[in-house]
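Structure assessment
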Amino acid sequence: MMRIILNAFSFLRDTLRLQGIEPIEAPMEITPPCDVHTLIATLGLKPEEVEAVFINRVVMPKETLLKDNDRVALLPPGTPGSYRLMLGIKDASGT
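To start, this report covers the structure provided alongside it.

Helix and strand content of the protein chain: three helices and five strands. Counting only contacts in the protein chain whose residues sit at least 6 apart along the sequence, the fraction spanning at least 24 positions is 60%. Carbon and sulfur atoms form 58% of the exposed surface of the protein chain, whose accessible area is close to 5,500 Å².

Have a look at this one:
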């Protein structure tokens, strides 16, 4: 087993709380190997409910394998446009 710290934002918090999962600064035990796609499924979320993931404060692809003591933050769609650029979810070219 390995440990991560989970944070979720916006409506993802409510969704996780309904499942009995604390969404703020929550320590979680997961079984390696575990990528972000697997974590999302384990949390009972749909892939389209998570637009971006931050691992240790950096936007990372959902294929990223998690490591022990990673800090993981899940961000749903709907973040205002200017913040999407600032956070690194979208680059200036719009991709």
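What follows picks up the thread again.
Applying the stated criterion across every chain, the model contains one salt bridge. In this structure, R71 engages E25 in a salt bridge whose closest nitrogen and oxygen atoms are separated by 2.5 Å. Here R71 is found in strand β5 (residues 71-75), whereas its partner E25 is found in the loop between α1 (11-18) and β2 (26-30), with 46 residues between them in sequence. Overall, R71 belongs to the partly exposed group, its relative accessible area being 29%. Judged by relative accessible area, which is 43%, E25 ranks as partly exposed.

Further remarks concern the pairing of strand β1 (residues 2-8). Across the seven residues of β1, six count as buried, placing the element largely inside the fold. Across four bridges, β1 lies against β5 in parallel orientation. Its bridge partner being in β5, N7 is matched across the sheet by A73.

On to the nonpolar core, then. As a rule of thumb, nonpolar side chains are buried together in soluble globular proteins. If you look at the biggest cluster of nonpolar residues, it comprises 21 residues, and the most contacted ones within it are I30, L39, L43, L45, L66 and L74. At the level of secondary structure, the elements contributing two or more residues to this core comprise β1, α1, β2, α2 (36-42), β3 (52-55) and β5. Per element, the largest residue contribution to this core is four residues, and it comes from β1. Core analysis: the next-biggest nonpolar cluster, separate from the first, contains five residues, A52, F54, L75 and I89 among them.

Rules and cut-offs
Residues numbered from 1 in each chain as written. Predicted model: local features only at pLDDT ≥ 70, side-chain atom pairs only at ≥ 80, totals over all residues. Heavy atoms only, no water. Helix = DSSP H or I, 4+ residues; strand = E, 2+ residues; numbered from the N terminus. Contact = heavy atoms within 4.5 Å. Areas by Shrake-Rupley, 256 points an atom, 1.4 Å probe, with all protein chains shown as cover. Salt bridge = Lys/Arg side-chain N within 4 Å of Asp/Glu carboxyl O. Buried < 20%, exposed > 50% of the residue type's maximum accessible area, 1.4 Å probe, protein only. Pairing = 2+ DSSP bridges. Core = buried A, V, L, I, M, F, W, Y, C linked by side-chain atoms within 4.5 Å.

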